[in-house]
Amino acid sequence: MTTSDTTTTTATATTQGDLEKLVSDLRGLLANKNLDAVPEIRQLRQRLDDGMHSVRDSAVRAAQDAARQAKEAALAADRYAHDEPWRVAGAALAVGALIGFLLARR
């Protein structure tokens, strides 16, 4: 597992954990039995519950898509670096020289 995979996995887990905590807090609020007497609250509770499921599913899919895209980009960069090592080394040298030049001017 590479560093980018670990970072992406950690970010996904953190986002999912935050979402789960929010859902748990909201369910705790809506579980208040004193609110059952109001029919509008019951309907709102059902709509919110349906919406939370939808949002959770969407967030999980978005996080998985982002992780997949990041992995694909890393693999493409790795492939390019292996296919064109002199270009990558030249670009790194140019960027390093530019940074060194800018820092020396200070």
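Residues numbered from 1 in each chain as written. Predicted model: local features only at pLDDT ≥ 70, side-chain atom pairs only at ≥ 80, totals over all residues. Heavy atoms only, no water.

Colleague: Kindly report on a nonpolar patch on the surface, identifying the contributing residues and their values.
Modeller: On the surface, Val95, Ile99 and Leu103 cluster together to form a nonpolar patch covering roughly 290 Å² of accessible area. Assignment of secondary structure puts Leu103 in helix 3 (residues 85-105). By relative accessible area, which is 56% here, Leu103 ends up exposed. (Patch = residues over 30% accessible without salt bridge, like charges linked within 9 Å, V, L, I, M, F, W, Y side chains within 5 Å. Areas by Shrake-Rupley, 256 points an atom, 1.4 Å probe, with all protein chains shown as cover. Salt bridge = Lys/Arg side-chain N within 4 Å of Asp/Glu carboxyl O. Helix = DSSP H or I, 4+ residues; strand = E, 2+ residues; numbered from the N terminus. Buried < 20%, exposed > 50% of the residue type's maximum accessible area, 1.4 Å probe, protein only.)

Colleague: Tell me about helix 2 (residues 39-83), and name the residues and values.
Modeller: Across its 45 residues, helix 2 extends 66 Å between first and last C-alpha, which sits within 8% of the 66 Å expected from 1.5 Å per residue. Of the positions making up helix 2, those classed as buried are Arg45, Met52, Arg56 and Ala63. (Expected span 1.5 Å × (residues − 1).)

Colleague: With reference to specific residues and values, describe the environment of Leu22.
Modeller: Within the fold, Leu22 resides in helix 1 (residues 3-30). Residue classification places Leu22 among the exposed positions, given a relative accessible area of 54%. When the C-alpha positions of Leu22 and Met52 are compared, they lie 9.5 Å apart, and in sequence the two are 30 residues distant.

Colleague: Could you give an account of the pattern of salt bridges, with specific residues and numbers?
Modeller: Tallied over the full model, the rule gives three salt bridges. Between Asp65 and Arg68 there is a salt bridge; the shortest N-O distance is 3.9 Å. Here Arg68 and Asp65 lie together in helix 2, a separation of three residues that amounts to about one turn. Arg87 is the partner of Glu84 in a salt bridge, and the nearest nitrogen-oxygen pair spans 3.9 Å. Taking relative accessible area as the criterion, Glu84 reaches 31% and is therefore assigned partly exposed. Residue classification places Arg87 among the exposed positions, given a relative accessible area of 57%. One salt-bridge network, held together by shared partners, links Asp65, Arg68 and Glu72.

Keep in mind that these numbers describe shape and distance, not what the molecule does.
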